Amino acid sequence: MSLRRSGSHPVDIANSSGFMAALTLQGQAVPAGLHVRLNLQTGEREARLPDNKNEKSDMKHQKKRKRLDEMHIDSNSFTAQELKEALAKMKEKEKTESTMEQKANLEDVRKRFRPIEELKKEFEELNMKIETDLEVMVKLINKFNSSTSALDEKVAALYDLEYYVHQVDNAKDFLSLGGLQLVINGLNSTEPVLKEHAAFVLGAALSSNPRVQVEAIEGGALQKLLVILATEQPLAVKKKALFALSSMLRHFPYAQLQFLKLGGLQVLRNLFKEKGMETLYIRIVTLLYDLIVEKMLLEDSENKEDQLEEKVQQYKQVNLVPAVVEQGWCEIISNLLALPEHDTREKVLKTVRVLMAACRDKYQGDYALNTTLSMLRIEYEDLAAEEQREGDNDSYFKELLSSINTIIRELRSGYL
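All of the points below concern the structure found in this document. What you see as residue numbers is a count from 1 along each chain, following the sequence as written. The predicted origin of the model limits local features to residues at a pLDDT of at least 70 and limits the giving and counting of side-chain atom pairs to 80 or more, whereas totals for whole chains, interfaces and linings rest on all residues. Values reported for side chains reflect all heavy atoms of the structure, with hydrogen atoms and water molecules removed beforehand.

### Overview of unusual backbone geometry
Argument step 1. In this structure, serine 208 takes a positive phi of about 55 degrees despite not being glycine.
Argument step 2. Tracing the backbone through its elements, the reader meets serine 208 in the loop between helix 8 (192-206) and helix 9 (210-218).
Argument step 3. Although it is not a glycine, histidine 251 adopts a positive phi angle of roughly 60 degrees.
Argument step 4. The helix and strand labels rest on DSSP assignments: H or I over at least four residues marks a helix, E over at least two residues marks a strand, and numbering proceeds from the N terminus. Relative to the assigned elements, histidine 251 resides in the loop between helix 11 (235-249) and helix 12 (253-261).
Argument step 5. The classification of residues rests on relative accessible area computed with a 1.4 Å probe and restricted to protein chains. Under 20% of the type maximum is buried, over 50% is exposed, and intermediate values are partly exposed. Taking the relative accessible area as the measure of exposure, histidine 251 reaches 49% and is therefore partly exposed.

### Here we look at the packing of helix 14 (residues 278-300) against helix 18 (residues 342-354)
Argument step 1. Between N-to-C directions, angles cover 0 to 180 degrees, with each direction set by a line fitted to C-alpha atoms, over the stretch in contact for helices. With their axes 10 Å apart at the nearest point, helix 14 and helix 18 run at an angle of 40 degrees to one another. As helix 14 runs across helix 18, the sense of the crossing is left-handed. Contact residues: Ile282, Val285, Thr286, Tyr289, Ile292, Val293 and Met296 in helix 14; Thr344, Lys347, Val348, Lys350, Thr351 and Val354 in helix 18.
Argument step 2. All amino acids are sorted into three groups, where Ala, Val, Leu, Ile, Met, Phe, Trp, Tyr, Cys and Pro are nonpolar, Asp, Glu, Lys and Arg are charged, and the leftover types, Gly among them, are polar. Of the residues assigned to the contact of helix 14 with helix 18, the class counts are eight nonpolar, three polar and two charged. Put simply, a crossing is left-handed when the front helix is turned counterclockwise from the back one by less than a right angle, and right-handed when it is turned clockwise. Whether two residues are in contact is decided by their heavy atoms: any pair within 4.5 Å suffices.

### Some words on the side chain of serine 149
Argument step 1. Here serine 149 shows up in the loop between helix 4 (133-145) and helix 5 (151-165).
Argument step 2. On the accessibility criterion, serine 149 (14% relative accessible area) is buried.
Argument step 3. Definition of a polar contact: a pair of N or O atoms within 3.5 Å, with one able to donate and the other able to accept a hydrogen when the atoms are protein atoms, and with sequence-neighbouring residues admitted only if both atoms are side-chain atoms. A polar contact of 2.6 Å, which involves the side chain of serine 149, links it to the backbone oxygen of lysine 143.
Argument step 4. Not counting residues within four places of it along the chain, the set of residues in contact with serine 149 comprises Lys143 and Lys154.

### Observations regarding the nonpolar core
Argument step 1. Core analysis: the biggest nonpolar cluster contains 90 residues, and Leu202, Leu245, Leu268 and Trp329 have the highest contact counts within it.
Argument step 2. For this core, the element with the most residues is helix 14, which contributes nine residues. What we call a nonpolar core is a set of buried Ala, Val, Leu, Ile, Met, Phe, Trp, Tyr and Cys residues that are connected through their side-chain atoms within 4.5 Å.

### Focus: the pattern of salt bridges
Pairing is possible between side chains of opposite charge, provided their charged atoms come close.
Argument step 1. Should a side-chain nitrogen of Lys or Arg be within 4 Å of a carboxyl oxygen of Asp or Glu, the pair is scored as a salt bridge. Under the defined criterion, the tally for this structure stands at five salt bridges.
Argument step 2. In this structure, arginine 250 and aspartate 290 form a salt bridge, with 2.7 Å as the shortest nitrogen-oxygen distance. Of the two residues, arginine 250 sits in the loop between helix 11 and helix 12 while aspartate 290 sits in helix 14, which places them 40 residues apart along the sequence.
Argument step 3. Residue arginine 250 is classed as partly exposed on the basis of its relative accessible area, which comes to 27%.

### Overview of a negative patch on the surface
Argument step 1. Taken together, the side chains of Glu381, Asp382, Glu386, Glu390, Asp392, Asp394 and Glu399 make up a negatively charged region of the molecular surface.
Argument step 2. Here the negative patch gets three residues from one element, more than from any other, and that element is helix 20 (residues 367-389).
Argument step 3. By secondary structure assignment, the location of aspartate 392 is in the loop between helix 20 and helix 21 (396-413).
Argument step 4. Taking the relative accessible area as the measure of exposure, aspartate 392 reaches 38% and is therefore partly exposed. Here, patches come from residues exposed beyond 30% relative accessible area and free of salt bridges, joined within 9 Å for like charges and within 5 Å for nonpolar side chains (Val, Leu, Ile, Met, Phe, Trp, Tyr). Here the Shrake-Rupley method, with its probe set to 1.4 Å, supplies the accessible areas, and only the displayed protein chains count as covering residues. This count recognises Lys and Arg as positive and Asp and Glu as negative, with His and chain-terminal groups excluded. We put the charge of a Lys on NZ, of an Arg on CZ, of an Asp on CG and of a Glu on CD.

Rendered as structure tokens:
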């Protein structure tokens, strides 16, 4: 290996172990692998071959030269400009590879998904149109109200409407479209099946929807429902009418007050005298329990906001419990404990406990009730014990036994 001094012949340093002057021509690069230093005394640059201890350094430079060769760069001599060009080629290669990857990803997305415009076009070709709930309800209301619609078409329209009006916003739209009054008028139909489905739609629209509740009672729905329950009708019709009545009364004290004034409790009481209405018994008891409890919870609430206080004042006008006692509901409810279903007994026991303060005197003098409670205690002691042996974590029978024991204690405490 040789170095050219400025203005002289090349100098061979291959056999030299020390540094030799290496004044290169201007712009000439020093060959890779040499150790270079600046002589501070002479001001000249000197170079030498690396010693044996630095063979590893040689290996690194050899690998570097191989990489540069792959990039078509002279491994013996390259300038700063050449390095910049090599780096630019590397960046261009990375950019090309990245662009190709993005194109591949985009092609994959195109294969997996289709443009919305293409889907819309296909729907149009199939004569299909995506309709809003409002548009669907308009069509159903028109079909129900049309004089040319057959009975089964009207029933089908009501069946579909019940699905939509469950949603609060849809129920409000149903009201705005005039559908609510049409359904209320449908309660007067001479066709039992239309009465049944009209009451079903009405009950769905009334559920937890104060605005619809107000409009319904002003539209005469309460009176029509009570007429259905008070007259001879198929069980299916009365069942849906009771559902609609329950939806109207819950959390609506004004409707509860009108219900009492119109003799609603008496209408429900008479159902217990009709044959074939047994499936309605527990629904009625559950309704009475819910109405009593919602008033108690509101009166016991510590929240004293103006709006809530106004509702408390409205509930104070609803004297439901005194009316229940006066019309003999204490005995009607307690007699249902003789029914065999555990679920029925559970609901009846809850109602008896809620009415205990008002019905205590009647319950204490009711020999049949006390006998029934004693028999139920024995039955549920066995069931609770079996439940515990089987490791049932539900403790359903244990809770029923606890309710029975609580009622027995409260009845006996009245004698002390």
